[in-house]
Amino acid sequence: MTDQILTNYPYRIELHSHTNPGSGCSSLKPEELVRLYAQKGYHGVVLTNHLEPDKLLFGKEEAVAMHIRDYVAAMDAAKRYNIAVYLGVELRFKENINDYLIYGVDEALLNVFYDYIPADLATFRKEVQLPNSVLLQAHPFRANMVLADPALLDGMECLNLHPRHNSAVGLATQYAYEKNLKIKIAGGDCHDRGDEGTAALRTKCLPKDSFEIAKILKSGDYVFEIGGNSLWLP
Ligand SMILES: [Zn+2]
Ligand SMILES: [Zn+2]
């Protein structure tokens, strides 16, 4: 049974990762992140660098450019390592310290997202239509997070496997089922060397861009591989 599932979902993708300088909290240069995941046999990695109130200091143009520069550097490295790189974002609004992962992202959307950092999730969701993207609350049970209104979410990051944070993943998973959140994901939240490769999205086809990742997540047709050898079926 397990072997059959692994055969049906051969592609392994990291949904949550950070690089420096795009995310000041990460110690990994884009090319290093790509190399680490390629060495783990991954087929793709989504860069979900932070777009948060701290970035307001840089101004919009530079904040978005920082995000894109890491993505381009990772894409360049990815050609050498034969791995795909996707553009994502971990967005935070000024209202609290919640983080939201978004898949289905491009530069134009990053510019729109930036304008809403001083606002809040409810306003963002009311005013910004994202028909080809999905927005999930990241690690909702970490300390000082606030549970977002489920009606404003497409899903939740249930299993955040960052090794130096307690994300209460059992509670998060239970909550996501109770609230009937459609999309339930796992991610490594890789910031530093040694964090890589704890949770892979496994897909039937290799997505061609960030929007296809959103599409796959909406379709529900995927599994997660946890810790390198256990399967999780959301
Ligand atoms: Zn971080
Ligand atoms: Zn993160």
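Preceding block: the structure.
Summarised in this report is the structure supplied together with it. (Residues numbered from 1 in each chain as written. Chains lettered and ligands numbered in written order. Predicted model: local features only at pLDDT ≥ 70, side-chain atom pairs only at ≥ 80, totals over all residues.)

The complete set of buried residues in helix α4 (residues 107–116) reads L110, F113 and Y114. Across the axial projection of α4, the buried residues extend over an arc of 105°, all falling on one side. Seen from the buried face of α4, the exposed residues on the opposite side, beyond 90 degrees, are A108, V112 and D115. Looking at the buried side of α4, the elements it contacts are β3 (50–51), α3 (60–81) and β4 (84–91). (Buried ≥ 20, exposed ≤ 12 C-beta atoms within 10 Å, placed from the backbone. Helix = DSSP H or I, 4+ residues; strand = E, 2+ residues; numbered from the N terminus. Arc of directions from axis to C-beta. Contact = placed C-beta atoms within 7 Å.)

It is the contact of helix α2 (residues 30–39) with α3, at a shortest axis distance of 8 Å, that shows an interaxial angle of 40°. As far as their axial angle goes, α3 and α2 are oblique. α3 is crossed by α2, and the crossing has right-handed handedness. Counted together, P30, E31, L33, V34, R35 and A38 of α2 and D70, A73, A74, A77, A78 and Y81 of α3 form the full contact between these two elements. The residue inventory of the contact of α2 with α3, partitioned by class, reads nine nonpolar, no polar and three charged. (Axes fitted to C-alpha atoms, helices over the stretch in contact; angles between N-to-C directions. Parallel < 35°, antiparallel > 145°, perpendicular 65-115°, else oblique. Left-handed = near helix turned anticlockwise from the far one by under 90°. Nonpolar A, V, L, I, M, F, W, Y, C, P; charged D, E, K, R; others polar.)

Take the packing of α3 against α4 next. For the pair α3 and α4, interaxial distance at closest approach is 10 Å and the crossing angle is 135°. Relative to α4, the element α3 lies oblique. Here the hand of the crossing between α3 and α4 comes out right-handed. Judged by residue contacts, K60, A63, V64, H67 and I68 of α3 engage E107, L110, N111 and Y114 from α4. A breakdown of the residues in the contact of α3 with α4 according to their chemical character gives five nonpolar, two polar and two charged.

A few words on the nonpolar core. Of all hydrophobic cores here, the largest spans 63 residues; its most connected members are V45, V85, Y103 and L136. Once residues lying within four places of it in the same chain are set aside, the contact partners of V85 are V34, V45, L47, Y71, A74, M75 and A78. (Core = buried A, V, L, I, M, F, W, Y, C linked by C-beta atoms within 7 Å.)

A separate point is α3. Over its 22 residues, α3 runs 32 Å from end to end, which matches the ideal 32 Å to within 8%, given 1.5 Å per residue. Close packing links the buried residues of α3 with α2, β2 (44–47), β3, β4 and α4. Just downstream of α3 lies N82, where phi reads positive at about 55°. (Expected span 1.5 Å × (residues − 1).)

Attention now moves to unusual backbone geometry. Following N20, the chain continues to P21 via a peptide bond in cis, the omega torsion being 15°. Relative to the helices and strands, P21 is located in the loop between β1 (11–17) and α2. Phi is positive for H139, which is not a glycine, with a value near 25°. Of the residues examined, H139 has 27 C-beta atoms within 10 Å and is grouped as buried. If you check the backbone angles, A168 has positive phi at about 45° while not being a glycine. Position of A168 among the secondary structure elements: in the loop between β7 (155–160) and α6 (169–178).

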